[in-house]
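Letter by letter, the chains look like this.
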Amino acid sequence: MKTRRLIASVWPLFIFLILPGIAFAEGALTVKGIGPRAGMGINPDQFVFGAQAVMGRMLKIANLASSIDVGFGNNVTDVTFNADLQLTLLRPPKSTTSFYGFAGPTIAYFDPDKGDSDTEIGLSVGGGLKIPMGTSNLYNLEARIGIGDVPDFKLLLGIYFGGAPKKEKS
């Protein structure tokens, strides 16, 4: 019964976050990279895993990056949905490695072991590093800070399948 309630509560929130971004992104419905991620969270202290996707560009300067994370531990299960604008901050010359920053809304659904579930809206900001893995895939290391009633901090390691930038020729 809890699973059905979780899906019924969270699915509309996911649609709320993703559809506006797809509608305004250049090359709508274009997914540049998608993949799994896992890591740890603080407040609540949890093991976190999820999925991430980088979609079309918005305003010609940033990518729409959405993700869903599920956290277990600290007597609570939470599901967070993120719709971030991701901006490349630094890319060394002749390299596909890049540093990025991001900010965007987060919707968090909390289901404690004892007590009532709760849904909160906040903001996430942070940064990360994308490291090439072959010719078209990337490793992704990301630090995420939550502002408001969403998880305070997450450190995540992931893989993007597809979407790696082409290396500049000299």
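Residues numbered from 1 in each chain as written. Predicted model: local features only at pLDDT ≥ 70, side-chain atom pairs only at ≥ 80, totals over all residues. Heavy atoms only, no water.

## Points about the pairing of strand β1 (residues 31–42)
Note on strand geometry: in a regular strand, side chains alternate between the two faces of the sheet. Defined as follows: Strand pairing follows a simple DSSP-based rule, namely that at least 2 bridges must link the two strands. Comment: elements are numbered from the N terminus, with helices defined as DSSP H or I runs of at least four residues and strands as E runs of at least two.
Sheet analysis places β1 next to strand β2 (residues 46–58), joined by 10 bridges and oriented antiparallel. Across the sheet, the residue bridging to M40 is F47, located in β2. The loop that links β1 with its antiparallel partner β2 comprises 3 residues; one of these, N43, has a positive phi angle of about 55°. By the bridge criterion, 6 bridges tie β1 to strand β8 (residues 153–160) in an arrangement that is antiparallel. When the sheet's bridge partners are listed, M40 is paired in β8 with L155.

## Observations concerning the packing of aromatic side chains
Test applied: Aromatic pairing here means that ring centres of Phe, Tyr or Trp (its six-membered ring) are within 6.5 Å. Orientation follows from the plane angle: under 30 degrees is stacked, over 60 is edge-to-face, and everything else is tilted. Think of it in three bands: with a 1.4 Å probe and only protein chains considered, a residue is buried below 20% of the maximum accessible area for its type, exposed above 50%, and partly exposed in between.
What the rule picks out here adds up to 3 aromatic pairs. Between Y100 and F102, the ring centres sit 6.3 Å apart and the planes meet at 35°, which makes this aromatic pair tilted. In this pair, the class of Y100 matches that of F102, namely buried. Three or more aromatic residues joined by ring pairs form one cluster here, namely F47, F49 and F72.

## Topic: the sheet that holds strand β6 (residues 118–133)
What counts here: For helices, the axis comes from a line fit to the C-alpha atoms of the stretch in contact; other axes are also lines fit to C-alpha atoms, and the angle between any two N-to-C directions lies between 0 and 180 degrees.
Around the barrel, 8 strands lie side by side as β1-β2-β3-β4-β5-β6-β7-β8; this closed barrel has antiparallel pairing. Strand-to-strand twist of the sheet, defined as the mean angle between neighbouring strand axes without regard to direction, takes the value 25°.

## Points about the pattern of salt bridges
Applicable threshold: Take a side-chain nitrogen of Lys or Arg and a carboxyl oxygen of Asp or Glu: if they are within 4 Å of each other, that pair is a salt bridge.
According to the stated counting rule, one finds 5 salt bridges in the structure shown. Salt-bridge contacts for R144 lead to D84; the nearest nitrogen and oxygen are separated by 2.6 Å. One end of the pair, R144, is in strand β7 (residues 137–148); the other, D84, is in strand β4 (residues 76–90), with 60 residues separating them in the sequence. Since its relative accessible area comes to 3%, D84 is described here as buried. Between R144 and E142 there is a salt bridge; the shortest N-O distance is 3.1 Å. A network of salt bridges, in which partner residues are shared, links R37, D69, D84, E142, R144 and K154.

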